[in-house]
Amino acid sequence: MQILNQDIKDKTFKRVYLLFGDEPFLVNSYKKRLREAIAGDDTMNYNYFEGKGQDVKEIISLADTMPFFAERRLVLIDGSGFFKSSAPEELVNYIPEIPESTCMVFVENEVDKRNKLYKKVKDNGYAAELKKQDADQLMRWAAGILSKDGKKITRQVMEYFMERTGDDMENIRMELEKLICYTMGREVITKDDVEAVGTVHVTNRIFEMVTAIVAGNTRKAMDLYEDLLTLKEPPMRILFLIAKQFNQLLQVKELAGKGAQKSEIASRVKVPPFVAGKLMAQARAFTREQILSYVEFCVESEEAVKTGRLSDRLAVELLIAKKYE
């Protein structure tokens, strides 16, 4: 991101860029910023292609066209699939020949780094992999947004906010906007503010469901399940997330049993430290045998749904009703 930011700031653009990665918010953000920085409101010198099956000859022809009363022409190709399957040889060979007056930007969901086109873009321009940010990066980013609006927040409240929102940057941004509007006229954001306007992320409801399931609180677990169904969460996804949660708890239980500390557990389980702390507290409340029993039941339930022996909704209901033996 530093390279992209510097290029945008200095307006010294490479002839070709590739934006990709598992953080769609960042990919879309830099797509928009590059377009604004290179083309602005100029529609005469901006060409946009979206989706698979694009005409490579047309793309090359437009890229070769001199900009009209402008410094650069921008050719933006979004979701072409050229970087996943075998890339068109004509386009691969053309990348080093892109004129200095043209900037070609590719935006992709999936990229195979062994792909010929990927290698050509990397050698002749910049391939920017925009990954999910870690907890500290997300908190700094969120605090920066709040600061621009004159808001302050303690680290403890920020961690609580992040626990509720999850790590999706678009979701975090929307929740921050709600907080900023709700606290209009006040400088400091409190935990009460977060609870008053914040939407609880699906993973938090799953965390509560798992606690209720193992504690035998069937009523609470079922209420949480109904809430998720109301939010249009597919039962199979709910089952997958419950299974993931139990698997994480099993990992945490075993690592903690070997003396691992929170930072190591967070790194091994691949979760933020404050999430690792929650998992450690939850894991302490159950025996390894209890957690393992539910992990095995989740595996059996997923198999039963896939083979048609159970409906996805019934599979989750049976898991909620399961009693540890």
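In this text, all values refer to a predicted model and were calculated from it rather than measured experimentally. (Residues numbered from 1 in each chain as written. Predicted model: local features only at pLDDT ≥ 70, side-chain atom pairs only at ≥ 80, totals over all residues. Heavy atoms only, no water.)

J.: Which residues make up the sheet that holds strand β3 (residues 73-78), and what values go with them?
T.: Within the open sheet, the five strands sit side by side as β2-β3-β4-β1-β5. Their pairing is parallel. At either margin of the open sheet sits one strand with a lone partner, and together these are β2 (46-50) and β5 (126-129). In this sheet, neighbouring strand axes are inclined to one another by 15° on average, regardless of whether the strands run parallel or antiparallel. Taken together, the four bridges between strand β1 (residues 16-20) and strand β4 (residues 102-107) define a ladder with parallel strand orientation. Bridged to V16 within β4 is M104. On top of the sheet, helix α2 (residues 24-38) reaches β1, β2, β3 and β4; it is set at about 155° to β1, its chief contact. (Pairing = 2+ DSSP bridges. Helix = DSSP H or I, 4+ residues; strand = E, 2+ residues; numbered from the N terminus. Axes fitted to C-alpha atoms, helices over the stretch in contact; angles between N-to-C directions. Contact = heavy atoms within 4.5 Å.)

J.: Lay out unusual backbone geometry in plain terms, naming residues and giving numbers.
T.: Although it is not a glycine, K11 adopts a positive phi angle of roughly 55°. With respect to the element layout, K11 can be found in the loop between α1 (2-10) and β1. On the basis of relative accessible area, K11 is assigned to the partly exposed category, the value being 48%. With a phi angle near 65°, K270 is a residue other than glycine that sits in the positive phi range. By secondary structure assignment, the location of K270 is in the loop between α13 (262-269) and α14 (273-284). (Buried < 20%, exposed > 50% of the residue type's maximum accessible area, 1.4 Å probe, protein only.)

J.: I'd like a description of the nonpolar core, backed by residues and values.
T.: Residues I206, M209, I238, I242 and F246 are the most contacted members of the largest nonpolar core, which totals 43 residues. When residues of this core are traced back to their parent elements, those giving at least two are α10 (202-214), α11 (218-230), α12 (235-257), α13, α14, α15 (288-306) and α16 (312-321). Take this core: its biggest share by element is 10 residues, from α12. Those residues within four positions of F246 in sequence are excluded, and the remaining contacts are V210, V214, I291, Y294, V295 and C298. (Core = buried A, V, L, I, M, F, W, Y, C linked by side-chain atoms within 4.5 Å.)

J.: Residue-level account of the packing of aromatic side chains, with values.
T.: This structure, assessed with the given rule, holds six aromatic pairs. On the basis of an interplanar angle of 85° and a centroid distance of 6.1 Å, the ring pair of F20 and Y118 is categorised as edge-to-face. In this pair, F20 sits in strand β1 while Y118 sits in helix α5 (residues 116-124), placing the two residues 98 residues apart along the sequence. Taken together, a centroid distance of 4.6 Å and an interplanar angle of 75° make the contact between F68 and F69 edge-to-face. Taking the relative accessible area as the measure of exposure, F68 reaches 46% and is therefore partly exposed. The ring of Y160 has K191 sitting right over it, with the charged end atom 4.7 Å from the ring centre. Positioned above the aromatic ring of F207 is the side chain of K278, whose terminal nitrogen or guanidinium carbon lies 4.4 Å from the ring centre. (Phe/Tyr/Trp six-rings, centres within 6.5 Å; stacked < 30°, edge-to-face > 60°. Lys NZ or Arg CZ within 6 Å of the ring centre and 35° of its normal.)

J.: Residues and numbers for the layout of surface pockets, please.
T.: Here the largest pocket defines a volume of roughly 820 Å³. In this structure, the largest pocket is lined by 30 residues; those nearest its centre are D167, T203, V271, P272 and V275. Elements that contribute at least two residues to the lining of the largest pocket include exactly α6 (135-148), α7 (155-165), α10, α12 and α14. No other element matches the six residues that α12 contributes to the lining of the largest pocket. Of the residues belonging to the lining of the largest pocket, the class tally is 13 nonpolar, seven polar and 10 charged. (1 Å grid on protein atoms, 1.4 Å probe; cavity = no way out; pocket = protein on both sides within 12 Å on 5 of 7 lines; lining within 4 Å. Points joined across faces, edges and corners; volume = space filled by probe spheres on them. Nonpolar A, V, L, I, M, F, W, Y, C, P; charged D, E, K, R; others polar.)

J.: Talk me through the environment of D64; I want residue IDs and the actual numbers.
T.: Relative to the helices and strands, D64 resides in the loop between α3 (56-63) and β3. For the pair D64 and I98, spaced 34 residues apart in sequence, the C-alpha to C-alpha distance is 7.2 Å. Setting aside residues no more than four positions away along its own chain, D64 makes contact with Y94 and P99.

J.: Hey, could you go over the side chain of K151 for me, with residue numbers and the actual values?
T.: Summarising the element assignment, K151 is placed in the loop between α6 and α7. Here K151 occupies a buried position and makes no salt bridge, while the nearest side chain of opposite charge, D149, is found at 7.1 Å. Look past the residues within four positions of K151 in its chain and what remains in contact with it is L146, I180, T183, M184, G185, R186, E187 and I189. (Lys, Arg positive; Asp, Glu negative; His and termini not counted. Salt bridge = Lys/Arg side-chain N within 4 Å of Asp/Glu carboxyl O.)

J.: Kindly report on the packing of α12 against α13, identifying the contributing residues and their values.
T.: In a pair of packed helices, the angle between the axes and the distance between the axes together describe the arrangement. With their axes 10 Å apart at the nearest point, α12 and α13 run at an angle of 140° to one another. Judged by the inter-axis angle, α12 sits oblique to α13. When the axes of α12 and α13 are compared, the crossing they make is right-handed. Residues Q248, Q251, V252, L255 and A256 of α12 form the contact with α13, whose own contacting residues are I265, R268 and V269. Across the contact of α12 with α13, the residue classes break down as five nonpolar, two polar and one charged. (Parallel < 35°, antiparallel > 145°, perpendicular 65-115°, else oblique. Left-handed = near helix turned anticlockwise from the far one by under 90°.)

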